[in-house]
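# Notes for the structure review
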There are 2 protein chains.
Amino acid sequence: MNAPTATQHLLPEINQREVPAALIEALKARFGEQCSTAQAVREQHGRDESSFEVPPPAAVVFAETTADVADVLRLASQYETPVIPFGAGSSLEGHLLAVQGGISLDVSRMNQVLSINAEDLTVTVQPGITRKQLNEEIKSTGLFFPIDPGADASIGGMTATRASGTNAVRYGTMRENVLALEVVTASGDVIRTGTRAKKSSAGYDLTRLMVGSEGTLGVITEITVRLYPLPEAVSAAICSFPSIEAAVRTTIQTIQLGVPIARVELIDHNTVRMVNAYAKLGLREEPLLLMEFHGSPTSVKEQAETVQEIASEFGGNAFEWASTPEERTRLWTARHNAYFAAVQSRPGCKAISTDTCVPISRLADCLLDSVAETDASGIPYFLVGHVGDGNFHFGYLINPEDPKERETAEALNHKLVTRALELEGTCTGEHGVGLHKMGFLVDETGAGAVDMMRTIKRALDPKNILNPGKIFAL
Amino acid sequence: MNAPTATQHLLPEINQREVPAALIEALKARFGEQCSTAQAVREQHGRDESSFEVPPPAAVVFAETTADVADVLRLASQYETPVIPFGAGSSLEGHLLAVQGGISLDVSRMNQVLSINAEDLTVTVQPGITRKQLNEEIKSTGLFFPIDPGADASIGGMTATRASGTNAVRYGTMRENVLALEVVTASGDVIRTGTRAKKSSAGYDLTRLMVGSEGTLGVITEITVRLYPLPEAVSAAICSFPSIEAAVRTTIQTIQLGVPIARVELIDHNTVRMVNAYAKLGLREEPLLLMEFHGSPTSVKEQAETVQEIASEFGGNAFEWASTPEERTRLWTARHNAYFAAVQSRPGCKAISTDTCVPISRLADCLLDSVAETDASGIPYFLVGHVGDGNFHFGYLINPEDPKERETAEALNHKLVTRALELEGTCTGEHGVGLHKMGFLVDETGAGAVDMMRTIKRALDPKNILNPGKIFAL
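Residues numbered from 1 in each chain as written. Chains lettered and ligands numbered in written order. Predicted model: local features only at pLDDT ≥ 70, side-chain atom pairs only at ≥ 80, totals over all residues. Heavy atoms only, no water.

Glancing now at the relation of the copies chain B and chain A. Rotating chain B by 180° about the axis while translating it 0.0 Å along that axis superimposes it on chain A, leaving an RMSD of 0.0 Å. The two molecules are tied by a two-fold rotation axis, judged by turn and shift. Looking at chain B, 100% of its interface residues are interface residues in chain A too, so the copies touch through the same face. (Least-squares fit on C-alpha atoms with pLDDT ≥ 70 in both. Contact = heavy atoms within 4.5 Å.)

Spelled out as structure tokens, the structure:
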């Protein structure tokens with residue numbers, strides 16, 4: 001494992017290529033009102049939820065069809081100019097930032113459900129639809145799309161970053177739930193990967209290659225995903241624990257016993273305090289687990305009983321149960337507001353989010369040492385985790401004007417990732433590499449594997465126009 | 001969909017490159033007894049379960065370490081000579097055949113369990129270990145590896161073909177169950193893909209790219225797979241039906257209701273007759289479903305009751321239950337012996353196996369028309385299916401000396417695949433493309449996607465030495 005230099009994990013390298021005026025003219029000629037160079041529009045497409053400051057793209061094209069996307073890529077290829085796909089703008093790792101300049105390709109208007117196949121538990125959508133909108137539109141089928149990264153991200157963006165979040169512990173991530181894609185290549189050709197068959201051995205798994213490629217191998221224009229029957233019974237509970245360790249040990253044992261729990265989320269006492277202040281929830285300001293059980297009434301009952309037994313062994317007693325959708329929503333408010341509650345707790349701050357994921361047996365080792373380090377640093381933070389998957393997030397709440405705070409936060413993240421890798425984990429469970437984790441990617445997988453990724457990138461995007469400067473330097 | 005010419009789906013193109021004597025000498029110098037050019041050894045490595053006749057490889061190297069594999073590839077690269085990885089030899093699609101000549105790289109001696117992480121439900125193995133050997137070696141942990149393609153295939157081969165089989169309906173395929181790999185590249189470099197973390201967004205999914213690449217992108221030398229707790233309760237049943245349609249409709253409704261059935265296998269009346277003759281099982285010679293339920297005692301009971309209700313709606317009543325391992329083994333004998341029973345039913349015959357998989361709602365349409373066609377053809381056949389996944393296999397039992405029978409069988413397969421693709425399915429659910437489905441792959445995914453696969457192949461294997469002539473012509 002080649003130790004990265006601290007700078008590899010700090011500010012991104014910005015090296016914006018000149019965007020030819022002729023390309024802007026060609027885009028305006030082709031797209032008219034769909035192409036904007038207005039400062040406000042460019043700036044809105046030049047930032048995401050990361051803490052980086054990068055000059056905005058030269059123009060924004062609002063694609064409405066696959067043909068629009070193909071034409072943008074043909075023109076961008078002709079003028080060798082970068083294209084950055086834009087969905088909901090909720091990236092946490094700088095995926096949307098124009099570090100090499102170029103055009104933002106906004107697909108948010110491509111937000112239709114194209115076909116629902118309820119009898120096969122699949123739906124095909126355009127990339128701009130968000131997960132909440134999707135679930136709204138399929139409500140009448142009695143099916144749902146489980147993947148919930150917290151933000152109301154676009155399905156295209158979730159595919160591009162291999163997103164997961166709550167529910168993944170039972171239903172898997174985008175890796176397991178995307179069946180097929182339509183993709184526009186760097187040269188503007190439209191290809192299809194996969195079919196609606198549940199499984200296939202037909203050639204290279206281009207679907208999984210595109211899932212998680214962060215816009216660097218193609219622009220996703222259609223996505224077929226799996227749906228699931230709404231569970232017959234759903235039951236949710238909050239349980240407070242005397243310590244983070246008690247909550248984590250409860251989670252580890254639940255997973256190791258094979259309880260098919262649908263959600264198990266950790267929120268530490270700091271974060272509970274922030275959420276109480278933000279949303280007046282009046283929760284006990286102790287570390288807590290938010291749990292949800294799906295299944296038949298009897299299996300939900302079985303699961304809940306097993307977990308209650310485990311929790312009580314570790315001193316977790318105060319179970320608060322919610323069975324109606326309204327009560328569940330109230331409990332989940334705590335989890336879904338954590339990020340915003342935390343950012344509001346320190347006006348003007350930026351959150352630097354970590355995203356390690358380790359084998360479940362290593363979760364306590366990885367998490368507890370990092371809590372101690374972070375407490376000692378004096379940097380305010382929040383801590384939430386999809387702990388059933390061994391995945392958790394510190395959010396370091398830094399003053400963006402204070403380089404020392406950023407240095408401290410990055411140093412904490414560096415220690416955390418190094419620890420996670422030593423414990424056979426990954427530097428990013430669900431946020432992606434983006435600009436922020438390039439050095440860590442090399443630490444994790446080795447130079448040889450990253451060279452293989454580069455070779456694939458060069459072969460599929462010889463002019464390096466697809467979201468360049470992300471995942472690895474090129 | 002460009003219609004393929006019939007010949008695209010017939011005998012493979014054989015174009016064996018000259019293997020330089022200097023390479024053979026170098027291999028013998030490096031490997032001594034581990035390198036054999038004996039006719040019998042070459043012939044044993046020059047055939048698989050497919051019906052093709054191809055001259056054997058020029059030599060066989062028995063690798064015992066990753067370093068052995070790396071040295072073979074460095075030498076093969078130096079002499080630009082094909083290398084064909086060999087595990088258990090159970091391929092059905094000609095994956096092992098030396099259509100462009102070269103060296104067989106036998107990894108069957110690399111059959112160790114390298115590390116068991118019971119608390120994380122993972123195990124890391126060498127590629128030559130077979131699935132039965134693996135389950136034998138982890139028995140004491142209370143965990144099991146569910147993927148069961150029928151044959152006692154090697155884990156390396158199952159990874160390379162993205163295998164699945166029975167149990168996939170509940171536990172997924174190799175795509176979902178391989179966490180990480182060690183791979184030797186065409187140039188002899190050793191890379192690692194993935195970690196033991198359950199999920200990751202760290203860069204391109206090289207693991208999934210290698211899974212199903214049929215030995216054309218690298219040689220797999222280590223595999224980390226998921227394990228599952230042995231279910232608390234297991235219950236298996238055979239149910240006979242008045243017609244194939246009744247059995248299929250029962251399956252479709254079971255899946256659509258979201259019953260987490262572990263196995264649901266169709267065996268048609270022809271095949272039951274063959275199995276009775278072969279193994280004296282005395283089963284009712286009617287279409288039957290073999291089912292298995294895993295879970296807690298109550299959930300197994302729930303599942304079984306639901307399926308019995310559905311089955312009786314379709315006239316399936318004669319349920320024969322098995323709860324002890326011995327009784328279960330007896331029932332599963334029918335399924336596991338189907339292939340051999342069928343081949344023995346026509347002495348000297350070769351089985352040409354089909355492998356389509358369609359969305360579950362299309363299963364009846366796809367299967368029943370093909371049954372009618374095949375009955376009309378007069379070619380004897382067997383029919384089994386992992387019908388819970390929409391995947392089934394006809395085995396056309398042809399006289400290999402009679403080109404007309406092969407033509408007829410290939411024509412039936414051609415009709416079947418064309419139908420499956422029209423129904424949004426795939427030409428291969430689990431066997432892989434190999435030599436036999438190259439034309440169908442183009443029909444299924446389109447020339448653009450296959451060109452992308454070729455581009456990746458050329459980039460990662462510029463000398464085209466890794467199992468060349470498989471998946472697509474190159």
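Residue and element names in this part refer to chain A. Split by domain assignment, chain A resolves into domain 1 (113–229), domain 2 (234–325) and domain 3 (340–431). The gap between the C-alpha centroids of domain 2 and domain 3 is 21 Å. Counting residues at the interface gives 19 residues for domain 2, matched by 21 residues for domain 3. Summed over both sides, the interface between domain 2 and domain 3 buries roughly 1,700 Å², with carbon and sulfur atoms accounting for 71% of that surface. Considering only the side of domain 2, the residues that lose the most area to domain 3 are Leu266, Met274 and Tyr278, jointly responsible for 32% of the buried surface there. Put simply, domain 2 and domain 3 have 0 salt bridges between them. For the pair domain 2 and domain 3, the interface holds 6 residue pairs in polar contact (both at pLDDT 80 or more). For the side of domain 2 that touches domain 3, the elements supplying multiple residues, two or more each, are α9 (244–256), β13 (263–267) and α10 (269–279). Ranked by residues supplied to the side of domain 2 that touches domain 3, first place goes to α9 with 8 residues. Classifying every residue of the side of domain 2 that touches domain 3 by side-chain character gives 11 nonpolar, 4 polar and 4 charged. (Domains from an automatic or database assignment. Buried area = accessible area lost by both parts, 1.4 Å probe. Salt bridge = Lys/Arg side-chain N within 4 Å of Asp/Glu carboxyl O. Polar contact = N/O pair within 3.5 Å; in protein donor to acceptor, adjacent residues only side chain to side chain. Helix = DSSP H or I, 4+ residues; strand = E, 2+ residues; numbered from the N terminus. Nonpolar A, V, L, I, M, F, W, Y, C, P; charged D, E, K, R; others polar.)

Moving on to helix α13 (residues 338–345) of chain A. Ala338, Tyr339, Ala341 and Ala342 of chain A are the residues of α13 of chain A that are buried. On an axial view of α13 of chain A, the arc spanned by its buried residues comes to 165°, and they lie on one face. (Buried < 20%, exposed > 50% of the residue type's maximum accessible area, 1.4 Å probe, protein only. Arc of directions from axis to C-beta.)

The strand order across the open sheet formed by 4 strands is β1-β2-β4-β3 (chain A), and the pairing between neighbours is mixed. Whereas interior strands pair on both sides, the edge strands pair on one side only; in this sheet they are β1 (35–36) and β3 (83–86) of chain A. (Pairing = 2+ DSSP bridges.)

On the side of chain A, 76 residues touch chain B, which itself brings 75 residues to the contact. When chain B packs against chain A, close to 6,100 Å² is buried across both sides, 57% of that on carbon and sulfur atoms. Taken as a group, Lys199, Ser201 and Tyr204 of chain B account for 16% of the area that chain B buries against chain A, more than any other trio of residues on that side. Taken together, chain B and chain A are joined by 8 salt bridges. At the boundary of chain B and chain A, one finds 46 residue pairs in polar contact (both at pLDDT 80 or more). Mapped onto the side of chain B that touches chain A, the elements with two or more residues apiece are α6 (168–171), α7 (174–177), β9 (190–193), α8 (206–210), α11 (297–313), α16 (438–445) and α17 (447–460) of chain B. Of the residues forming the side of chain B that touches chain A, the biggest block, 9 residues, is contributed by α17 of chain B. In terms of residue class, the side of chain B that touches chain A is made up of 26 nonpolar, 29 polar and 20 charged.

Counting 102 residues, the largest nonpolar core has Ile456 of chain A together with Met174 of chain B as the members making the most contacts within it. For this core, the element with the highest residue contribution is helix α16 (residues 438–460) of chain A, accounting for 10 residues. (Core = buried A, V, L, I, M, F, W, Y, C linked by side-chain atoms within 4.5 Å.)

Inspection of every chain in the model, using the stated rule, returns 20 aromatic pairs over all chains. Between phenylalanine 319 of chain B and tryptophan 321 of chain B the ring centres are 5.5 Å apart and the planes differ by 15°, which places this aromatic pair in the stacked class. Classification of phenylalanine 319 of chain B as buried rests on a relative accessible area of 17%. By the ring-pair criterion, three or more aromatic residues cluster together here, those being Tyr381, Phe392, Phe394 and Tyr396 of chain A. Against the face of phenylalanine 31 of chain A rests arginine 30 of chain A, its NZ or CZ located 4.2 Å from the ring centre. The ring of tryptophan 332 of chain B carries arginine 263 of chain B above its face, with NZ or CZ at 4.0 Å from the centroid. (Phe/Tyr/Trp six-rings, centres within 6.5 Å; stacked < 30°, edge-to-face > 60°. Lys NZ or Arg CZ within 6 Å of the ring centre and 35° of its normal.)

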